[in-house]
Each structure stands twice: as C-alpha cells, then as structure tokens.
Amino acid sequence: MADSSPAAPSVSTESSLRERKRAASQATIEKVAITLALEHGYENVTVDMICEASLVSPRTFFNYFGSKEGVILGTPPSLPSKDAIERFVNGHDGEILGDFMTMFAEMLANQQPDRELQRARHKLISRSAELTERRTIMISRLEDQYVEIVMDRLRARADASESDLENEARMVIALATGVTRYASRIWFSADFTGSVSDLLASAINLVRRIVGDTASRSAHPKSTT
C-alpha cells in the first residue's frame, strides 16, 4: 500500500519560512521603534520600551539590530545579486548610468520596501543631526562598494589609469545618487501612489532622454552665423 502521509517539508522550505518570520518580526520592531521615537523623541526612547511594545525579548532585539540606532536606521541597504552585478559589469553596449540605475531599480523591486515605514524613518532621521550623520556614513560606505562595481566595468578600457577610472566611477555614482534623491522625494510625497519600480523606470527614461539630448546638441552645435 502506498504511503499517503504528507511529505515532510524540505529544508529549503523550512529555511524560507524562518526567513519570512524573521523579516516580519524585524519589520514589526522597526515600526514600533520609529513610532515611539517620533512620539517621544529618539533620545528618550529606550530598548526596553521598544521590546515591551513589540513583545520581544531584549536578546531577540539585539540579535536583530545590535543597538537602538540600528533599529532606527534600519538594515544597511544590500547590494544587487551576483548575477545582476555580473550582467552590469559585462554590459558594454548600453549607457553606463542608465544601466547602473536599471540594476539598482531591479534590486529595489525585488526587495519591496515598505513605503510608510520608510517615510516615517525619513521623517525621524531628518529631525536628528546624530541620526543624519550616521545615515550619511552608512550611505557613503555603500557608495564605495558601488564605485568598485562600476570600476570593474570601466576596466575594460585599458587606456585609462586607475585614478581616472575611480574618478569616472565616482561621478557615475554621484549622478545615480542624484537620480535616487529625485525619485525618493517623489516616493515620500503623500500624492504618489505608484510602485518604486515604475518610479525608477520613469527616472531612468528621463536621465537617458537628458543624456541623449545633451549628446545630440554636443555633436550638432547650433551655428552662430
């Protein structure tokens, strides 16, 4: 007789379930912490207050975030997948800024950021010089990692020095940061109701249109006669 008992869950399924539960628990703690900080002030909120309101132990809290500052700033932004980075590095046919932003947009679309949580976090961080400085340091470290990725793509040009490649890569990241800041301003506004992927796709198209128009005008300058 065939065994009709249900199959045991696979290791990968159990691991995925644990990851989802952990992510849900982290999101709850973050929301509670930011709500408390907005209400009472960042300096006046303690880890014990956050744990009590979140119904978690201090041990769980510190395992997830490490500190009060960690839960307010959130998990440091991750890098794109290895496959996405490899496609970008080896993609020499497209325009580098647009290709970089496409890679970045795909990563954010996969992460599905919580807009209301990010809006509240942005509001809280903007109120504190200490948190703003810490956030700036976090973003600066991430930008350094992205500079290395862009340099890997630029190294296909054997005629450029490492110094020139780094300068060009940092300019790409500076421009990408500007695009991201532009998109974030729209995303944080109360009127915006679209998805982050649609917003970044629109921003990328705008960049490509501007870059293309600038290149076209440089190639065909108006006659002064």
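Everything numeric here is computed off the predicted structure, so don't read it as measured data. (Residues numbered from 1 in each chain as written. Predicted model: local features only at pLDDT ≥ 70, side-chain atom pairs only at ≥ 80, totals over all residues. Heavy atoms only, no water.)

**Remarks on unusual backbone geometry**
In step 1: With a phi close to 60°, Leu 55 is a non-glycine residue in the positive phi region.
In step 2: Note that Leu 55 resides in the loop between α2 (47-54) and α3 (58-65).
In step 3: With a relative accessible area of 79%, Leu 55 lands in the exposed category. (Helix = DSSP H or I, 4+ residues; strand = E, 2+ residues; numbered from the N terminus. Buried < 20%, exposed > 50% of the residue type's maximum accessible area, 1.4 Å probe, protein only.)

**Section: the layout of surface pockets**
In step 1: Considering only enclosed or pocket space, the largest pocket measures out at about 1,700 Å³ in volume.
In step 2: What lines the largest pocket is a set of 47 residues, among which Pro 77, Gln 118, Arg 135, Ile 139 and Ser 184 lie closest to the centre.
In step 3: Where the lining of the largest pocket is concerned, the elements lending two or more residues are α1 (11-40), α6 (96-111), α7 (115-127), α8 (129-154), α9 (162-188) and α10 (196-219).
In step 4: Top contributing element to the lining of the largest pocket by residue count: α9, with ten residues.
In step 5: Class assignment of the residues belonging to the lining of the largest pocket gives a composition of 24 nonpolar, 15 polar and eight charged. (1 Å grid on protein atoms, 1.4 Å probe; cavity = no way out; pocket = protein on both sides within 12 Å on 5 of 7 lines; lining within 4 Å. Points joined across faces, edges and corners; volume = space filled by probe spheres on them. Nonpolar A, V, L, I, M, F, W, Y, C, P; charged D, E, K, R; others polar.)

**Points about the packing of α6 against α9**
In step 1: Contact geometry of α6 with α9 gives a least axis separation of 10 Å together with a crossing angle of 55°. On the basis of their axis angle, the class for α6 and α9 is oblique. For the crossing formed where α6 meets α9, the hand is right-handed. Contact residues: α6 offers Ile 96, Leu 97, Phe 100, Met 101 and Phe 104, while α9 offers Val 172, Ile 173, Leu 175, Ala 176, Val 179 and Thr 180.
In step 2: For the contact of α6 with α9, the per-class residue count stands at ten nonpolar, one polar and no charged. (Axes fitted to C-alpha atoms, helices over the stretch in contact; angles between N-to-C directions. Parallel < 35°, antiparallel > 145°, perpendicular 65-115°, else oblique. Left-handed = near helix turned anticlockwise from the far one by under 90°. Contact = heavy atoms within 4.5 Å.)

**Details of the nonpolar core**
In step 1: Among the nonpolar cores identified, the biggest contains 36 residues, and Phe 88, Phe 100, Met 101, Met 103, Tyr 146, Val 150 and Leu 200 are the most heavily contacted of them.
In step 2: Secondary-structure elements contributing two or more residues to this core are α5 (82-90), α6, α8, α9 and α10.
In step 3: Broken down by element, this core gets its largest block of residues, nine residues, from α6.
In step 4: Aside from chain neighbours lying at most four places away, what touches Leu 200 is Met 101, Ala 105, Leu 108 and Ala 183.
In step 5: Within the second largest apolar cluster, 23 residues are counted, among which are Tyr 42, Val 45, Ile 125 and Leu 131. (Core = buried A, V, L, I, M, F, W, Y, C linked by side-chain atoms within 4.5 Å.)

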